[in-house]
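# Architecture and fold: a report
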2 protein chains.
Amino acid sequence: MAVYTEVTDEDLVAFLAPYDLGPVLSLKGIAEGVENSNFLLHTGAGAFILTLYEKRVDEADLPFFLGLMDHLAARGLRCPQPVKTRAGKALGTLAGRPAAIVTFLEGLSLRRPARGHCEALGAALADFHRLGEGFALTRRNSLSLADWPALFEPARARADSVSAGLTAFVDAELRFLQAHWPQGLPHGIIHADLFPDNVLFLNDEVSGLIDFYFACADAYAYDLVICLNAWCFEPDGSYNMTKGRGLIESYRAHRPLSAAEIDALPILARGAALRFALTRLVDWLNVPPGALVRPKDPAEYVAKLRFHQLVESPRDLGASV
Amino acid sequence: MAVYTEVTDEDLVAFLAPYDLGPVLSLKGIAEGVENSNFLLHTGAGAFILTLYEKRVDEADLPFFLGLMDHLAARGLRCPQPVKTRAGKALGTLAGRPAAIVTFLEGLSLRRPARGHCEALGAALADFHRLGEGFALTRRNSLSLADWPALFEPARARADSVSAGLTAFVDAELRFLQAHWPQGLPHGIIHADLFPDNVLFLNDEVSGLIDFYFACADAYAYDLVICLNAWCFEPDGSYNMTKGRGLIESYRAHRPLSAAEIDALPILARGAALRFALTRLVDWLNVPPGALVRPKDPAEYVAKLRFHQLVESPRDLGASV
């Protein structure tokens, strides 16, 4: 749940003056996005999302994020499209913060995606990758292999208090990944956080991909295994091969995977599991006492990593080789 | 900001099946109402508010609250109207909690209401009182004069830590109010919490009164001074006589006040100030460490009470006698 910056009616009306959105009808702070303050805005022109960027987002990255949405939406991807002022600006200032308006997408995120949803996701992810080609800006993945040791460092002293032996486990995994991480895979702009929360469905079809605030340049196949980890494990921790196959094969039908990409899936999946285990661990250890936000348990991703350590072939994930 | 109960897509679809609202399009948890979980729901039939009643609301009161909205909306008041299932039920169960759907009202709540807004509020409050007549159910005001001593008791030991001398101040005020509280004033169903947050405006006209979850039976004039306290003081604590006159006289133009009601305004205003000072004090002393919710400062209402202690006549509040 986001902590909201309060927006007064006067500030809102002034902010909207340079847009062609008609009269303001309502503004409701919504419980979406943990990095920013988000509002559902109704105007004479329809429904929109108003986002105020809080300090966890680097202001220098905003032209990349907004430009990427604009690029993808213009090419037909179902994603929020930044709304511009009459002067053509997508980024303004509201309540002392950078702020932007994007189109609102109807749809519900799924709690328990079925195989068909994983297939629809695979196609949407491939579209994201293909349509992102040619986008002029880029952004380094600040949560890549090279960043994980520094991410773990402040959590190291207390990691074993979360799970016995976790420090040694992470250290060994980091060494393994550093020794075996694949290089030279096809890469471009990836979403990097396409969890079920960030995919909207209507009538079992993808109606929108949202929350682009981790997007960056990295290997396309790494984005695929982030999805695999987030969508294809059951609540009991077991890997659902049917969903995994559905996701991977549907992706391939829309963007072919090279042999090198297929071969790399197991180790990329280990890396993707470690990345989310580490960020969750850090959040877990840094929750303020009494906070209303309950951080996600890092154990879920440690368990997924342990699963992937036993994978011997991309076939074990459902990929046909 | 409310703590949200999570609603899954599956539970939502099942909950909506007995309604004639068309397909679900989206559901967003909104930062509105501190007692309940509220969601803005878009369906094929339009925009609605879905409320899950959390434990701070007594389930036995729900037929009163929903019935009151139904009664008032049917008589033309701009307020949320409960939506009923095909079987005629307004109250169901979702995620293990009592839940209801009401119509969504466009409009913005005002941060700095002007005199014209106070006049519009006066008319809307009078409409609320007049149109509420004939409603079959009733509900005791559980935050009335008789309840204030028990409300203060758990805060007594720490009240002086909030403001020096506060305990003696409250005790003396309670004694005064108990000795002088007016009896036999015209009464009926009052809103009892009509703060600017709960009044929506479009184009400087009231587009809706919301959040009926403190509504109860009490003196109409008591509701008027709750508004007076909430709307007619400036941020620096000064009383704005122009706004006060606008509110009171506009109310009277739509529902005449008896001489007894006019005479009672100053002491009712003291009581209304004490009631909110006490509930804010209790919340202030019971905020969990690290909580994201910042409780409202009781000092604001202590200051309003001190102002009212110096009032000698209803004229001092702007009422023409």
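Small disclaimer: the values here were computed from a predicted structure and weren't measured.

## Some points on the overall build of chain A
Helix and strand counts for chain A stand at nine helices and nine strands. Taken over the C-alpha trace, chain A has a radius of gyration of 20 Å; the compact-globule value for 321 residues is 20 Å, and the two agree within 12%. Long-range pairs, those at least 24 residues apart, make up 71% of the contacts in chain A with a sequence separation of at least 6.

## Observations concerning the nonpolar core
Judged by nonpolar contacts, the single largest core of 180 residues is most densely connected at Ala221, Val225 and Cys227 of chain A together with Ala221, Val225 and Cys227 of chain B. Not counting the four nearest positions on each side in its chain, Ala221 of chain B is found in contact with Leu185, Leu257, Glu261, Ala264, Leu265 and Leu268 of chain B.

## Looking at the domain arrangement of chain A
By convention, interface size is frequently given as the accessible area that disappears when the constituent parts associate. All names here are of chain A. Each domain of chain A was delimited in the assignment, giving domain 1 (9-103) and domain 2 (115-317). On a C-alpha basis, the centres of domain 1 and domain 2 stand 28 Å from each other. Listed by partner, the interface residues are 18 residues for domain 1 and 17 residues for domain 2. The residue inventory of the side of domain 1 that touches domain 2, partitioned by class, reads 10 nonpolar, four polar and four charged.

## Some points on the environment of Val57 of chain A
Among the structural elements, Val57 of chain A can be located in the loop between β3 (46-52) and α2 (62-74). Apart from residues no more than four positions distant in its own chain, Val57 of chain A is found in contact with Glu35, Asn36 and Tyr213 of chain A.

## A word on the pairing of strand β1 (residues 24-30) of chain A
All names here are of chain A. The buried count for β1 comes to six of seven residues, which makes it a mostly enclosed element. Sheet topology places β1 next to strand β2 (residues 37-43); six bridges connect them, and they run antiparallel. Of the residues in β2, the one forming a bridge with Leu27 is Leu41.

## What to know about helix α9 (residues 299-309) of chain A
Residue and element names in this part refer to chain A. What α9 keeps buried is the set Tyr301, Val302, Lys304, Leu305 and His308. The buried residues of α9 occupy an angular sector of 160° when the element is viewed end-on, so they sit on one face. Those residues of α9 that are buried are in contact with α5 (166-180), α6 (220-231) and α8 (259-285).

## Here we look at unusual backbone geometry
Residue and element names in this part refer to chain A. We note that Asn203 has phi near 55°; this positive angle belongs to a residue other than glycine. Tracing the backbone through its elements, the reader meets Asn203 in the loop between β7 (199-202) and β8 (205-209). Taking the C-beta count within 10 Å as the criterion, Asn203 has 7 such neighbours and is therefore assigned exposed. The backbone of Asp211 shows a phi angle near 60°, a positive value even though the residue is not glycine. Note that Asp211 resides in the loop between β8 and β9 (216-219).

## What to know about the environment of Phe104 of chain B
Residues and elements named next belong to chain B. Tracing the chain through its elements places Phe104 in the loop between β5 (97-103) and α3 (115-132). Considered as a pair, Phe104 and Phe48 are 56 residues apart in the sequence and their alpha carbons are 4.3 Å apart. When residues no more than four places from it in sequence are discounted, the contact partners of Phe104 are Leu40, Ala47, Phe48 and Ile49.

## Details of the packing of α8 of chain A against α9 of chain A
All names here are of chain A. At a minimum axis separation of 8 Å, α8 and α9 run at an interaxial angle of 160°. By the angle between their axes, α8 is roughly antiparallel relative to α9. Seen from above, α8 lies across α9 with left-handed handedness. Across from Pro266, Ala269, Arg270, Ala273, Leu274, Phe276, Ala277 and Arg280 in α8, the residues of α9 making contact are Tyr301, Val302, Lys304, Leu305, His308 and Gln309. Its residues assigned to classes, the contact of α8 with α9 shows nine nonpolar, two polar and three charged.

## Concerning helix α6 (residues 220-231) of chain B
Owing to its 3.6 residues per turn, the α-helix aligns residues three or four sequence positions apart on the same side. Residue and element names in this part refer to chain B. Relative to the 16 Å expected for 12 residues at 1.5 Å per residue, α6 spans 17 Å between its end C-alpha atoms, a close match to the ideal helical length. A large share of α6 lies buried, amounting to 12 of its 12 residues. Three or more residues of α6 are buried, namely Tyr220, Ala221, Tyr222, Asp223, Leu224, Val225, Ile226, Cys227, Leu228, Asn229, Ala230 and Trp231. Taken together, the buried residues of α6 touch α3, β6 (187-190), β9 (216-219), α7 (241-254), α8 (259-285) and α9 (299-309).

## Let's talk about the packing of α6 of chain A against helix α7 (residues 241-254) of chain A
Packed helices, taken two at a time, are described by the angle between their axes plus the distance between the axes. All names here are of chain A. Here α6 crosses α7 at 155°, and the two axes come no closer than 10 Å. Taken together, the axes of α6 and α7 are roughly antiparallel relative to one another. Crossing geometry of α6 relative to α7 is assigned as right-handed. For the pair α6 and α7, the contacting residues are Leu224, Cys227, Leu228 and Trp231 in the first and Lys243, Gly244, Leu247, Ile248 and Tyr251 in the second. Here the residues of the contact of α6 with α7 are counted per class, giving seven nonpolar, one polar and one charged.

About the cut-offs
Residues numbered from 1 in each chain as written. Chains lettered and ligands numbered in written order. Predicted model: local features only at pLDDT ≥ 70, side-chain atom pairs only at ≥ 80, totals over all residues. Helix = DSSP H or I, 4+ residues; strand = E, 2+ residues; numbered from the N terminus. Rg over C-alpha atoms; globule rule 2.2 N^0.38 Å. Contact = placed C-beta atoms within 7 Å. Core = buried A, V, L, I, M, F, W, Y, C linked by C-beta atoms within 7 Å. Buried ≥ 20, exposed ≤ 12 C-beta atoms within 10 Å, placed from the backbone. Domains from an automatic or database assignment. Nonpolar A, V, L, I, M, F, W, Y, C, P; charged D, E, K, R; others polar. Pairing = 2+ DSSP bridges. Arc of directions from axis to C-beta. Axes fitted to C-alpha atoms, helices over the stretch in contact; angles between N-to-C directions. Parallel < 35°, antiparallel > 145°, perpendicular 65-115°, else oblique. Left-handed = near helix turned anticlockwise from the far one by under 90°. Expected span 1.5 Å × (residues − 1).

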